[in-house]
Amino acid sequence: MKIDTYRWTMDQGWGSASPSPGGAAGSTLALVFGASELFDRAEPFAALREALPGAVIAGCSTAGEIDGVRVSDRSASVAVARFDDVRLRFAHADASDPSRSEAAGEEIARALAAPDLRAVLVLSDGLRVNGTALVRGLNAVLGDKVVVSGGLAGDGSRFERTWVLVDGAPVTQRVTAVGLYGDAVRVGHGSKGGWDNFGPERTVTRSEGNVLYELDGKPALGLYKTYLGERASGLPSTGLLFPLAVRTADGRLIVRTILAVDEAQQSLTFAGDIPEGARAQLMRANFDRLVDGAGAAALDAGASAAGGPCLSVAISCVGRRLVLGERIEEEVEATLDALPPNTTQVGFYSYGELSPHASGACELHNQTMTLTTVWEARA
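Summary of the structure given here. (Residues numbered from 1 in each chain as written. Predicted model: local features only at pLDDT ≥ 70, side-chain atom pairs only at ≥ 80, totals over all residues. Heavy atoms only, no water.)

### Quick word on the nonpolar core
1) Next: Membership of the largest hydrophobic core comes to 54 residues, with the highest contact counts inside it found for L212, Y224, L244, F270 and L371.
2) Next: At 6 residues, the largest contribution of residues to this core is made by helix 5 (residues 287-301).
3) Next: Listed in part, the 29 residues of the second largest apolar core include F83, L121, L311 and I315. (Core = buried A, V, L, I, M, F, W, Y, C linked by side-chain atoms within 4.5 Å. Buried < 20%, exposed > 50% of the residue type's maximum accessible area, 1.4 Å probe, protein only. Helix = DSSP H or I, 4+ residues; strand = E, 2+ residues; numbered from the N terminus.)

### Some words on the packing of helix 2 (residues 101-112) against helix 3 (residues 131-142)
1) Next: Viewed as axis vectors pointing N to C, helix 2 and helix 3 meet at an angle of 35 degrees, and their least axial separation amounts to 6 Å. Taken as a pair, helix 2 and helix 3 cross one another with a handedness that is right-handed. Contacts between helix 2 and helix 3 pair S101, E102, A104, G105, E106, I108, A109 and R110 from the former with A133, L134, R136, G137, L138, A140, V141 and L142 from the latter.
2) Next: Here the residues of the contact of helix 2 with helix 3 are counted per class, giving 9 nonpolar, 3 polar and 4 charged. (Axes fitted to C-alpha atoms, helices over the stretch in contact; angles between N-to-C directions. Left-handed = near helix turned anticlockwise from the far one by under 90°. Contact = heavy atoms within 4.5 Å. Nonpolar A, V, L, I, M, F, W, Y, C, P; charged D, E, K, R; others polar.)

### What about the side chain of S316?
1) Next: Within the secondary structure layout, S316 lies in strand 23 (residues 310-317).
2) Next: Beyond its immediate stretch of four places on either side in the chain, S316 contacts E331, F348, Y349, S350, E353, T368 and M369.

### Some points on the packing of helix 5 against helix 7 (residues 329-338)
1) Next: Their axes nearest at 8 Å, the elements helix 5 and helix 7 cross at an angle of 30 degrees. Taken together, the axes of helix 5 and helix 7 are roughly parallel relative to one another. With respect to the hand of their crossing, helix 5 and helix 7 are arranged in right-handed fashion. In contact with L290, V291, A294, G295, A298 and L299 of helix 5, helix 7 contributes E330, E331, A334, T335 and A338.
2) Next: Its residues assigned to classes, the contact of helix 5 with helix 7 comprises 7 nonpolar, 2 polar and 2 charged. (Parallel < 35°, antiparallel > 145°, perpendicular 65-115°, else oblique.)

### Section: the sheet that holds strand 27 (residues 369-376)
Within a sheet, neighbouring strands are paired by backbone hydrogen bonds and run either parallel or antiparallel to one another.
1) Next: Taken together, the 6 strands give an open sheet; going across it, the order is 5-4-24-23-27-13, and neighbouring strands pair in mixed fashion. Unpaired on one side and paired on the other, strand 5 (70-72) and strand 13 (185-192) mark the two borders of the sheet. Taken over all neighbouring pairs, the strand axes of this sheet differ in orientation by 15 degrees on average, direction set aside.
2) Next: Looking at chain direction, strand 4 (residues 65-67) and strand 24 (residues 343-350) are connected through 3 bridges and run antiparallel. Counterpart to D67 in the pairing with strand 24 is V346.
3) Next: Set on the sheet, helix 5 makes contact with strand 13 and strand 27; between it and strand 13 the angle comes to about 155 degrees. (Pairing = 2+ DSSP bridges.)

### Quick look at the packing of aromatic side chains
1) Next: All told, the structure shown has 5 aromatic pairs when counted by the stated rule.
2) Next: What links up through ring pairs into an aromatic cluster is the set F198, Y227 and F242.
3) Next: Positioned over the ring face of Y213 is R206, at 4.0 Å from the centre of the ring.
4) Next: In this structure, R321 is placed above the aromatic ring of Y349, and the distance from its NZ or CZ to the ring centre is 6.0 Å. (Phe/Tyr/Trp six-rings, centres within 6.5 Å; stacked < 30°, edge-to-face > 60°. Lys NZ or Arg CZ within 6 Å of the ring centre and 35° of its normal.)

### Quick look at helix 4 (residues 220-228)
1) Next: Restricting attention to buried positions, one finds in helix 4 the residues A220, L221, L223, Y224 and L228. Down the axis of helix 4, the sector holding all buried residues measures 160 degrees, keeping them to one side.
2) Next: Phi for G229, located one or two positions after helix 4, is positive at around 60 degrees. (Arc of directions from axis to C-beta.)

### A word on the pattern of salt bridges
1) Next: Within the structure shown, the criterion is met by 26 salt bridges.
2) Next: Close ionic contact of D288 with R327 constitutes a salt bridge, the shortest N to O distance being 3.3 Å. Placement of the pair is D288 in helix 5 and R327 in the loop between helix 6 (318-324) and helix 7, with a sequence separation of 39 residues.
3) Next: Classification of R327 by relative accessible area gives partly exposed; the value is 31%.
4) Next: Here the salt bridges share partners, and the residues they tie into one network are E37, R74, D155 and R158. (Salt bridge = Lys/Arg side-chain N within 4 Å of Asp/Glu carboxyl O.)

### Side note on the environment of G137
1) Next: Looking at where G137 falls in the secondary structure, it is placed in helix 3.
2) Next: We classify G137 as buried; its relative accessible area is 0%.
3) Next: Between the C-alpha atoms of G137 and K192, which are 55 residues apart in sequence, the distance is 24 Å.
4) Next: Those residues in contact with G137 that lie beyond four places of it in its chain are E102, G105 and E106.

The values reported here are purely geometric and, on their own, carry no functional implication.
Rendered as structure tokens:
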């Protein structure tokens, strides 16, 4: 396995190092995480397709690009992994309507399913997809024997347009995935938060899927505005600073991030489902715990990695970036410090993260640092 990284910027293009040709068809993976405005710029994608005609090219728009320990905007962070004994397959599905999210997950899972499938990396539209339903569809077909991870594309704090790559070109309203096959592939994962709860717990008295209408019988948007105070004028982006902790009937604690608000309905749309009857509580940031959580996620993801080349795909929530501000690089430094030597890290800031918890089937996470590590077993 050989890993090369590249960076494209609006000002300098590829700079002094453009993608180098090579790599066997079906065993070369190019991951591209780029600014949402790259949807209107063809040149970086054309260069990748020309240099890597047989590669599986996957990627998405971001709320910030991760390249090692650097976090950038208006750029593209690219990793090209050339495997020796791992096969790859690409799949995509329509995500033009949130009601199709579960079906999209099922379609992708069926397209990739095979006896030697070991892992699936999912990169999805970040605005039109209900992440909970997408994961439900993936898990219905793949179960908990295949590691499923990834994230929802971002658009900075604008929430207007996200894209993913299909046939090496950016498109909107799609879900994509890469399957990794064979006995040689090894995959690790880790996902941690680091937020503190505050304020009273309230009951979700009215919701529909990922749309929250009422807490304790009161309009959800009004309650959120009360807590946000002067920050309420900046919704939905300022809502990222105050995610919602949701305790479900079976005792699980999940975190949900705001994607949109509806003034007429006084409702909030989240990246995943908010079940009626659940208990909900606002959360706020603890800077040191956010950074510590990122490091803990990396320890989990890299725990069993061998000493050879390892690719780390770091996907962190846009809310964490807004909170950490100028300290944002501390969390990507914490992840790389905790990962094994010879690890190459790329990634992006997202609208939702996909990963198992400690083990088992995939879950939708919000406001976490989630890492997927990939390496090859030594012969």
